[in-house]
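Notes for the structure review
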Amino acid sequence: MRIRFSLAVSAMAAALGSAALATPPAAAPVPPAVSAPAESQATLSKGEIKAMREFKMLDFNGDGKLSRTEVKLFPRLAAAFDDADTDKDGYVSYEEVRAFAAKYRAEREHQRAAQATAPASSPRP
């Protein structure tokens, strides 16, 4: 299963590939730390909305943060956990996921730009 973190995640959330996650049950609690006010949700990109939804799905206990246990089934997320946990408290908050995703996205864009400007090697006869 590949997970996409373009924001967070698009999350770690974004480090991180494409998501194929099931929708959480309707009765699942929505952590207040991840909820955005209705007026600000209108300004969120589709990627941010998707990342927020994926973060909530991974946050099994609804405490507004991800533990190693909650991400251990997703190897790419688990591998990125230490990098995303910037305050080293053993949890990754939604804001940490957003920051990690922005950093990951910038690095990926830098690599693409470097590849685009690299001279193409000429074929040898």
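A short tour of the structure in this document, coming up.

1. Observations regarding helix α4 (residues 75-84)
- For α4, the set of buried residues is Leu77, Ala80, Phe81 and Ala84. The arc enclosing the buried residues of α4, seen along the axis, measures out at 145 degrees, which places them on a common side. Facing away from the buried side of α4 by more than 90 degrees, the exposed set consists of Pro75, Ala79 and Asp83.
- Buried-residue contacts for α4 involve α2 (46-58), β1 (65-67), α3 (68-71), β2 (91-93) and α5 (94-117).

2. Focus: the packing of aromatic side chains
- Tallied over the entire structure, the rule returns one aromatic pair.
- With centroids separated by 5.3 Å and ring planes inclined at 80 degrees, the aromatic side chains of Phe55 and Tyr94 adopt a geometry described as edge-to-face. Here Phe55, found in helix α2, pairs with Tyr94, found in helix α5; they are 39 residues apart in sequence, far enough to count as distant.
- The class for Phe55 is buried, based on a relative accessible area of 0%.
- Classification of Tyr94 as buried rests on a relative accessible area of 5%.
- The ring of Tyr91 is capped by Lys65, whose NZ or CZ atom sits 4.2 Å from the centre of that ring.

3. Overview of the pattern of salt bridges
- Summed over the entire model, instances satisfying the criterion amount to two salt bridges.
- Across the salt bridge formed by Arg98 and Glu48, the nearest N and O atoms sit 3.4 Å from each other. One end of the pair, Arg98, is in helix α5; the other, Glu48, is in helix α2, and 50 residues separate them in sequence.
- Assessed through its relative accessible area of 30%, Arg98 is described here as partly exposed.
- Arg68 serves as the salt-bridge partner of Asp82, at 2.3 Å between the closest nitrogen and oxygen. A residue pair is termed long-range when its members are at least 10 positions apart, and Asp82 in helix α4 and Arg68 in helix α3 qualify at 14 residues.
- Judged by relative accessible area, which is 40%, Asp82 ranks as partly exposed.

4. Quick notes on the nonpolar core
- By size, the foremost hydrophobic cluster in this structure holds 16 residues, and its most contacted members are Phe55, Leu58, Leu66, Val71, Leu77, Val92 and Tyr94.
- Secondary-structure elements contributing two or more residues to this core are α2, α4 and α5.

Thresholds, definitions, all that
- Residues numbered from 1 in each chain as written.
- Predicted model: local features only at pLDDT ≥ 70, side-chain atom pairs only at ≥ 80, totals over all residues.
- Heavy atoms only, no water.
- Buried < 20%, exposed > 50% of the residue type's maximum accessible area, 1.4 Å probe, protein only.
- Helix = DSSP H or I, 4+ residues; strand = E, 2+ residues; numbered from the N terminus.
- Arc of directions from axis to C-beta.
- Contact = heavy atoms within 4.5 Å.
- Phe/Tyr/Trp six-rings, centres within 6.5 Å; stacked < 30°, edge-to-face > 60°.
- Lys NZ or Arg CZ within 6 Å of the ring centre and 35° of its normal.
- Salt bridge = Lys/Arg side-chain N within 4 Å of Asp/Glu carboxyl O.
- Core = buried A, V, L, I, M, F, W, Y, C linked by side-chain atoms within 4.5 Å.

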